[in-house]
Amino acid sequence: MNRYKKQIVTVFALGLLLSGCNNTPNQDISTFKDAFAGKFLVGAAINVGQIAGQEPKAIEIVKKQFNSVVAENCMKMENIHPEEEVFIWEEADAFVDFAEKNNMHIVGHTLVWHSQAAPWIFVDDSGEDVSREELIERMKNHIQTIVGRYKGRIDGWDVVNEAIENDGSWRESKWYQIIGPEYVELAFQFAQEADPEAELYYNDFGVSGRSKCDGIYHLVKNLQEKNVKVDGIGLQGHLNFDIPKISEMETSIEKLSSLGVDLMVTEVDMTILPWPSDEVTAEVSLNYELSKEFNPYSGGLPDSVYQQVMDRYTGFFEMFLKHHEKISRVTFWGVHDGNSWRNDWPIEGRTDFPLLFDRNYRMKEGVEDILEMAENWETK
Ligand code: XIL
């Protein structure tokens, strides 16, 4: 359990004692962070416009509902370290200031990833791949400069994102091609040196797939065997309307928790739109053409579909509650439907309904049942 979770659990337990109502369900259910207190943190990804004050109603939701935040884009390499000698701190600093001011748990996302990397990092002046030694040196500088700047302020880092393919094999990213599989352990070591107190996570999508889950299990086990500090695994929750089955994610949670690390369900959103390909992934470079058939709800969502989405969301949260001792945090990827990346990925310009707050910043009908279930959840 991380230090932030311990604090929350203590405050929650004290609250229950003081109110003398340990067994009485709270009738005044209102927010995610209160309803899930004592179980796990609940967070959201926020974007630079929101942090800059351009969407006060979204920020109101964040402050009221959540106790953890992650920056949607501004800490990714292409934004924070776009050229070798250039670090751009303004947006990341504003994000960390905002979170601290509001006493929130802070996640840094993400240090080493094949997507949204800055192209300079892999090549020399003539455009050729740099040597293994040079890339290790550049990666070290990247990680240590960023983690060092926020030392003691960021609670946990997504150190490596998406190193494993759906079939469980290594992703042939530039990191892997140039450095080899050791790039993962080196990244964790560099992060630990820069902030020994910060929690360090491996984060990936599609973890409900058996082969991928096995691949991640072995990756983390291998790190542990080499005494590399890895505190948690983030299971990205980019859900589809029908994939994965709740039981598939549950099996992965059970398997990965046997490694003795914290699990986090990160990046939760649920698209209800048709998926344009045979393979379901969260590869951000996908970009299919917009057509009417793939954008069926631009005029609004039929009640029957809405109900199915809420039922599926409720089922996932019920499973998370069942395993709350293994799960330290659940984080939504965005605040409300209007600003979710799902509207533009993997097809630009669609109307999706993936989150639990609508385009008018209202909590969706039925969410109160999820909160009530959490409030009344008894540890078996
Ligand atoms: C997404 C952002 O939401 C988009 O705004 C951006 O254009 C692409 O990246 N997995 C991750 C996140 O780890 O960083 C990605 O975020 C979604 C998939």
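See the structure shown above.
Residues numbered from 1 in each chain as written. Predicted model: local features only at pLDDT ≥ 70, side-chain atom pairs only at ≥ 80, totals over all residues. Heavy atoms only, no water.

A. Expanded view of the overall build of the protein chain. When helices and strands are tallied, the protein chain shows 13 helices and eight strands. In terms of overall dimensions, the protein chain is globule-like: its C-alpha atoms have a radius of gyration of 20 Å, near the 21 Å expected for 380 residues. Across its three principal axes, the protein chain shows a C-alpha extent of roughly 65 × 55 × 40 Å. The buried share among the 380 residues of the protein chain stands at 55%. Looking at the protein chain alone, contacts between residues at least 24 apart form 79% of all its contacts between residues at least 6 apart. (Helix = DSSP H or I, 4+ residues; strand = E, 2+ residues; numbered from the N terminus. Rg over C-alpha atoms; globule rule 2.2 N^0.38 Å. Buried < 20%, exposed > 50% of the residue type's maximum accessible area, 1.4 Å probe, protein only. Contact = heavy atoms within 4.5 Å.)

B. Spotlight on the site of the ligand. In the neighbourhood of the ligand, 14 residues make up the surrounding shell, with Glu72, Lys76, His109, Glu267 and Trp333 lying closest. The contact in question runs from an oxygen atom of the ligand to an N or O atom on the side chain of histidine 109, over 2.7 Å. At 2.8 Å, a side-chain N or O of glutamate 267 approaches an oxygen atom of the ligand. Burial of the ligand by the protein amounts to 85% of the accessible area it has alone, namely 420 Å². Split into classes, the residues belonging to the shell around the ligand amount to four nonpolar, six polar and four charged. (Near = heavy atom within 4 Å. Polar contact = N/O pair within 3.5 Å; in protein donor to acceptor, adjacent residues only side chain to side chain. Areas by Shrake-Rupley, 256 points an atom, 1.4 Å probe, with all protein chains shown as cover. Nonpolar A, V, L, I, M, F, W, Y, C, P; charged D, E, K, R; others polar.)

C. The arrangement of the pairing of strand β3 (residues 105–112) in detail. With eight of eight residues buried, β3 is to be regarded as a mostly interior element. The pairing of strand β2 (residues 68–71) with β3 spans three bridges and is classified as parallel. Each residue of the ladder has a partner; that of valine 69, found in β3, is isoleucine 106. As paired strands, β3 and strand β4 (residues 156–161) are joined by four bridges and run parallel to one another. (Pairing = 2+ DSSP bridges.)

D. Region of interest: the side chain of histidine 323. For histidine 323, the position within the fold is in the loop between α12 (303–322) and β8 (327–332). Histidine 323 has contacts with Glu250, Ile253 and Glu254, leaving out every residue within four places of it along the chain.

E. Structural detail: the packing of aromatic side chains. Evaluated as defined, the whole model comprises 22 aromatic pairs. Relative to phenylalanine 332, the ring of tyrosine 313 lies with its centre 6.4 Å away and its plane at 50 degrees, an arrangement referred to as tilted. Highlighted residues: tyrosine 313 in helix α12 and phenylalanine 332 in strand β8, separated in sequence by 19 residues. No difference in accessibility class separates tyrosine 313 from phenylalanine 332, as the two residues are buried. Between tryptophan 341 and tryptophan 345, the ring centres sit 4.2 Å apart and the planes meet at 15 degrees, which makes this aromatic pair stacked. (Phe/Tyr/Trp six-rings, centres within 6.5 Å; stacked < 30°, edge-to-face > 60°.)

F. Structural context of the environment of glycine 38. Residue position: glycine 38 is located in the loop between α2 (32–35) and β1 (41–46). Residues glycine 38 and serine 328, spaced 290 residues apart in sequence, show a C-alpha to C-alpha distance of 9.8 Å.

G. Representation of helix α10 (residues 210–225) within the structure. Here α10 spans 22 Å end to end across 16 residues, near enough to the 22 Å set by a 1.5 Å rise per residue. Residues of α10 that are buried in the fold lie against α9 (182–194), β5 (199–204), β6 (232–239) and α11 (246–257). (Expected span 1.5 Å × (residues − 1).)

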